[in-house]
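# Coordinates in review
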Amino acid sequence: MAAFTPRVFSGIQPSGGLTLGNYLGAMKRFVTMQDEGKFETVYCMVDLHAITVWQDPAALTRATRELCAGFIAAGIDPSKSILFNQSQVAEHAQLAWIFNCVARMGWMQRMTQWKDKAGKNSQNASLGLFAYPALMAADILVYHATHVPVGEDQKQHLELTRDIAIKFNNDFGVDFFPETEPVIEGAATRVMSLRDGSKKMSKSDPSDMSRINLTDDADTIAQKIRKARTDPEALPSEVDGLDERPEARNLVNIYAALSETTPEAVLADHGGSQFSAFKPALADLAVDKLAPISTEMSRLMEDPAEIDRILAQGAAQAREIAAPVLKKTYEIVGMVGA
Ligand code: TRP
């Protein structure tokens, strides 16, 4: 294997509405990886992925800027990380086409996200939705990224990314694309709905009370936590006591993630407490950590030109890495003029 620069790539779709789940499950980890200094960090608003299902154009524009504001408010620093939107770096789509010709129909058909999203009416799904994982492989491999932090639900796409890299290297007899390592989030950062501890917190849940939005103000955050569904028991003092208590587990996990400690440590402090005491403590903590993010997001959103300037600058930096990788890929494939 050739030596590759340790480089992190990850992407979030600008399809509207950032939640506490995006923050704890993705952005907060992205910030840690940025600040650790062990990797170059590249973070992308994947607008080309978003349009694999219908997006209203004005809403897409707004969601992309809001996602950028969210990244920055959460602590991504454009002078430390490359922060950009996918469509501004044409190399993603260009490499994706090459990968469309490497990946096999059978591989794509096995993707559970395709099966879930296309549903029964797959004949009416977009061709882009089917090819989605090849574009995702291109996102990652056009930077020769070595590490990709994602949720459990993206694991299969990362395996496909490795399969594409291996097949490309084999087909052309090169050692060009790295075999990327997934960095899967732990269960403690999987944030569940505040109304149903067995469902993931989601921006598309019909009940706004089921989630904390990164744009919620302090009162709304506190109210949603006070009203979160729980059971009547006190908190246990050991994590084993959270088995079969998904709502209790979720609130303990959220507390642990926000205070950067473990569920064990939270229960060492709060074991034996009733929810009537634990919820106000969690609400205070959540307001303390999240209200500054929502304030900073609104401030940034007042100046879209500044956001666009940051994104354009990020795209230029991204292209510096992506362009030579694409050029070399074209050469390997045998394209004249590459
Ligand atoms: N498919 C990812 C998701 O829905 C988003 C994504 C697109 C991504 N390209 C990526 C994540 C590259 C990591 C790396 O969450």
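Structural data are supplied above this passage.
Heads up: these notes are all about the structure in this document. (Residues numbered from 1 in each chain as written. Predicted model: local features only at pLDDT ≥ 70, side-chain atom pairs only at ≥ 80, totals over all residues. Heavy atoms only, no water.)

## Brief notes about unusual backbone geometry
Put simply, the rule reads: Working definition: helices are DSSP H or I runs of at least four residues, strands are E runs of at least two. Numbering for both runs from the N terminus. When a residue's accessible area, from a 1.4 Å probe over protein chains only, is under 20% of the maximum for its type it is buried; when over 50% it is exposed; and in between it is partly exposed.
One non-glycine residue, glutamate 244, adopts positive backbone phi at about 65 degrees. Positionally, glutamate 244 belongs in the loop between α9 (218-226) and α10 (246-258). Assessed through its relative accessible area of 79%, glutamate 244 is described here as exposed. Despite not being glycine, glutamate 260 has its phi angle at roughly 55 degrees, a positive value. If you trace the backbone, glutamate 260 turns up in the loop between α10 and α11 (263-270). Judged by its relative accessible area of 63%, glutamate 260 is exposed.

## A few points about the packing of aromatic side chains
The geometry of two aromatic rings is summed up by the distance between their centres and the angle between their planes. Which entries qualify depends on this criterion: Pairing of aromatic side chains here covers Phe, Tyr and the six-membered ring of Trp, requires ring centres within 6.5 Å, and sorts the geometry by plane angle: under 30 degrees stacked, over 60 edge-to-face, intermediate tilted.
Scanning the model with the defined rule gives 13 aromatic pairs in all. Aromatic side chains phenylalanine 168 and phenylalanine 172 sit 4.7 Å apart centroid to centroid with 40 degrees between the ring planes, which places their arrangement in the tilted category. Here phenylalanine 168 and its partner phenylalanine 172 are both found in helix α8 (residues 155-172), four residues apart, which amounts to about one turn of the helix. Residue phenylalanine 168 is classed as buried on the basis of its relative accessible area, which comes to 0%. A relative accessible area of 33% places phenylalanine 172 in the partly exposed class. The structure contains a cluster of three or more aromatic residues connected by ring pairs, namely Phe99, Phe168, Phe172, Phe176 and Phe177.

## With respect to the side chain of aspartate 139
We apply this condition: Just so you know, the count uses Lys and Arg for positive and Asp and Glu for negative, and it drops His and the chain ends. A pairing counts as a salt bridge when a side-chain nitrogen of Lys or Arg comes within 4 Å of a carboxyl oxygen of Asp or Glu. Identification of polar contacts relies on pairs of N or O atoms within 3.5 Å, with a donor-acceptor requirement for protein atoms, meaning one able to donate a hydrogen and the other able to accept it, and with residues adjacent in sequence counted only if both atoms are side-chain atoms. Two residues qualify as a contact provided that any one of their heavy atoms is within 4.5 Å of a heavy atom in the partner residue.
Secondary-structure assignment places aspartate 139 in helix α7 (residues 127-141). There is no salt bridge for the buried aspartate 139, and the closest opposite charge comes from lysine 117, which lies 12 Å off by N-O distance. Polar contacts involving the side chain of aspartate 139 include one to the side chain of glutamine 86, which spans 2.8 Å. Polar contacts involving the side chain of aspartate 139 include one to the side chain of histidine 92, which spans 2.8 Å. If we ignore the near neighbours within four places in the chain, the residues touching aspartate 139 are Phe9, Val46, His49, Gln86 and His92.

## Some remarks on the nonpolar core
To keep it simple, the criterion reads: Throughout this description, the term nonpolar core refers to a set of buried Ala, Val, Leu, Ile, Met, Phe, Trp, Tyr and Cys residues connected via side-chain atoms within 4.5 Å. Per the annotation, domain bounds derive from an automatic or database assignment of domains.
Counting residues in hydrophobic clusters, the biggest one holds 57 residues, and the most contacted among them are Leu20, Tyr23, Phe71, Leu258 and Leu290. Broken down by element, the residue count for this core peaks at 10 residues, all from helix α12 (residues 275-301). When residues are assigned to domains, this core turns out to be shared by domain 1 (7-189 + 303-333) and domain 2 (208-299), each giving three or more. Discounting residues that sit within four places of it in the chain, leucine 290 has contacts with Leu20, Tyr23, Ile212, Leu214, Ile221 and Leu258.

## Quick notes on the site of the ligand
Filter applied, for reference: Note on terminology: near, applied to a residue and a molecule or strand, indicates that one of the residue's heavy atoms is within 4 Å of it. Note on areas: Shrake-Rupley with a 1.4 Å probe; residue coverage comes only from the protein chains shown. The nonpolar class holds Ala, Val, Leu, Ile, Met, Phe, Trp, Tyr, Cys and Pro. Asp, Glu, Lys and Arg form the charged class, and all remaining residues, Gly among them, are polar.
Lining the immediate surroundings of the ligand are 13 residues, of which Phe9, Tyr132, Met136, Asp139 and Gln154 lie closest. A distance of 3.5 Å is found between an oxygen atom of the ligand and a side-chain nitrogen or oxygen belonging to glutamine 13. In this structure, a nitrogen atom belonging to the ligand sits 2.9 Å away from a side-chain N or O atom of glutamine 154. Contact with the protein chains hides 88% of the accessible area of the ligand, taken as 370 Å² for the molecule alone. Contributing elements (two or more residues each) for the shell around the ligand: β1 (7-12), α7 and β4 (147-150). For the shell around the ligand, the element with the highest residue contribution is α7, accounting for four residues. Taken together, the residues of the shell around the ligand break down into seven nonpolar, five polar and one charged.

## Here's the deal with the pairing of β1
Applied cut-off: A pair of strands counts as paired when DSSP detects no fewer than two bridges linking them.
Within β1, five of the six residues are buried, which leaves it mostly tucked inside the rest of the structure. Two strands pair when backbone bridges link them, and β1 and strand β2 (residues 40-45) are joined in this way by six bridges, in the parallel orientation. Considered in β2, the bridge of valine 8 is made with threonine 41.

## Section: the pattern of salt bridges
Counting across every chain of the model gives 19 salt bridges. Measuring nitrogen to oxygen at the nearest pair gives 3.3 Å for the salt bridge that ties aspartate 35 to lysine 80. In this pair, aspartate 35 sits in helix α1 (residues 20-36) while lysine 80 sits in the loop between α3 (57-74) and β3 (82-85), placing the two residues 45 residues apart along the sequence. Overall, the relative accessible area of 52% leaves lysine 80 in the exposed class. Taking the shortest distance from any N to any O, the salt bridge between lysine 224 and aspartate 216 comes out at 2.7 Å. One exposure class covers both lysine 224 and aspartate 216, and it is buried. Several salt bridges converge on common partners, so that one network encompasses Asp208, Arg211, Asp216 and Lys224.

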